[in-house]
Amino acid sequence: MQERLEERLHGLLTQFEGQNGAVIPLLQKVQETFGYLPRETIAQVAKFFKVSESEIFGVATFYAQFRFTRPGDHAIKVCLGTACHVRGGTQIMGTIERELEVKSGGTTKDYKFGLDRVACFGSCALAPVLVIDDKVYGRLTTSKVKEIIAKYQ
Ligand code: FES
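A brief look at the structure comes next. In this text, all values refer to a predicted model and were calculated from it rather than measured experimentally. (Residues numbered from 1 in each chain as written. Predicted model: local features only at pLDDT ≥ 70, side-chain atom pairs only at ≥ 80, totals over all residues. Heavy atoms only, no water.)

## Some remarks on the pattern of salt bridges
In plain terms, the rule: Salt bridge, as applied in this entry: a Lys or Arg side-chain nitrogen positioned within 4 Å of an Asp or Glu carboxyl oxygen. Labels follow the DSSP assignment, with helices taken as runs of H or I lasting at least four residues and strands as runs of E lasting at least two, numbered in each case from the N terminus.
Applying the stated rule across the entire model yields three salt bridges. Linking arginine 67 and aspartate 116 is a salt bridge whose minimum nitrogen-to-oxygen distance equals 4.0 Å. Linking arginine 67 in the loop between helix 4 (53-62) and strand 1 (74-79) with aspartate 116 in strand 2 (residues 113-118), this pair joins segments that are 49 residues apart in sequence. A salt bridge links lysine 103 to glutamate 97; its shortest N-O distance comes to 4.0 Å.

Rendered as structure tokens:
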């Protein structure tokens, strides 16, 4: 796995030979390839551009598009916008966190699910709402959420 990561990263780095200012496009390519920015890749990108690791890390953390943890196979996004919050979004999030033993912003130990919060999906009439991959689930209750999650396990 490690060897494969290095090989794939090396392939990406060679595409950016001589492009000193291309930190962000390279990080985007790395994320596109691995689904996130693995720690080892930050070190290699820093070496490639001859800057410190903290500089690369600083650039990457500045942009919300970059993530530093491996995503789950299924992305669960729970809405905690006003309408969803008022109708129990926080309890929905809490149920998922307990059921899957993962905190918002994290990935389950088996990498099956990633969990994130979202401000509003624009489906407020269906509040509380969550989205798994591209599928929207609305008018949720805690028991309904457990059933939905079970379908993906
Ligand atoms: S507040 Fe949740 S969909 Fe709008």
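## Overview of the environment of serine 54
Secondary-structure assignment places serine 54 in helix 4. Taking the C-alpha atoms as reference points, serine 54 and isoleucine 42, twelve residues apart in sequence, are found 8.8 Å from one another.

## Comments concerning the sheet that holds strand 3 (residues 130-132)
Where we set the bar: Whether two strands pair depends on DSSP finding at least two bridges between them. Where helices are involved, their axes are fitted lines through C-alpha atoms of the stretch in contact, as for all axes, and angles between N-to-C directions lie from 0 to 180°.
Strand order in the open sheet made by the four strands is 2-1-3-4, with mixed pairing throughout. Sheet topology places strand 2 and strand 4 (135-137) at the edges, where each strand pairs with a single neighbour. Taken pair by pair, the neighbouring strands of this sheet meet at an average axis angle of 20°, ignoring direction. Direction of pairing for strand 1 relative to strand 2: parallel, over a ladder of six bridges. Bridge pairing links valine 78 to arginine 117 in strand 2.

## Quick word on the side chain of threonine 107
Counted only if it meets this: Identification of polar contacts relies on pairs of N or O atoms within 3.5 Å, with a donor-acceptor requirement for protein atoms, meaning one able to donate a hydrogen and the other able to accept it, and with residues adjacent in sequence counted only if both atoms are side-chain atoms. Note on contacts: a residue pair is in contact if any heavy atoms of the two residues lie within 4.5 Å.
Mapping threonine 107 onto the fold places it in the loop between helix 6 (89-100) and strand 2. A distance of 2.7 Å separates the side chain of threonine 107 from the backbone oxygen of arginine 70, its partner in a polar contact. In contact with threonine 107, not counting residues within four places along its chain, are Arg67, Thr69, Arg70, Pro71, Gly72, Val102, Phe113 and Gly114.

## Remarks on the packing of helix 2 (residues 23-34) against helix 3 (residues 39-49)
Rule in force here: Angles below 35 degrees are treated as roughly parallel, those above 145 as roughly antiparallel, those between 65 and 115 as roughly perpendicular, and all remaining angles as oblique. Crossing handedness follows the turn of the near helix against the far one: under a right angle anticlockwise gives a left-handed crossing, and clockwise gives a right-handed one.
Running from N to C, helix 2 and helix 3 point in directions that differ by 150°, and their axes come no closer than 11 Å. Taken together, helix 2 and helix 3 sit at an angle that is classed as roughly antiparallel. With respect to the hand of their crossing, helix 2 and helix 3 are arranged in right-handed fashion. Contacts from Val23, Leu26, Leu27, Val30 and Phe34 in helix 2 reach Thr41, Val45, Phe48 and Phe49 in helix 3.

## Observations concerning a negative patch on the surface
This is how it is decided: Surface patches are drawn from residues lacking salt bridges whose relative accessible area is over 30%; two like charges belong together within 9 Å, two nonpolar side chains (Val, Leu, Ile, Met, Phe, Trp, Tyr) within 5 Å. Working definition of accessibility: Shrake-Rupley area with a 1.4 Å probe, residue cover restricted to the visible protein chains. Positive residues here are Lys and Arg, negative ones are Asp and Glu, while His and the chain termini are left out of the count. Charged side chains are reduced to one point each, which is NZ for Lys, CZ for Arg, CG for Asp and CD for Glu.
There is a patch of like negative charges on the surface, built from Glu3, Glu6, Glu7 and Glu40. The element best represented in the negative patch is helix 1 (residues 2-15), accounting for three residues. With respect to the secondary-structure elements, glutamate 7 resides in helix 1.

## Considering the environment of threonine 14
Using the following cut-off: Relative accessibility decides the category of a residue: with a 1.4 Å probe and only protein chains considered, values under 20% of the type maximum give buried, values over 50% give exposed, and everything between is partly exposed.
Its place among the elements puts threonine 14 in helix 1. When its relative accessible area of 38% is taken as the criterion, threonine 14 is described as partly exposed. Remark: the alpha-carbon pair of threonine 14 and histidine 74, spanning 60 residues in sequence, is separated by 31 Å.

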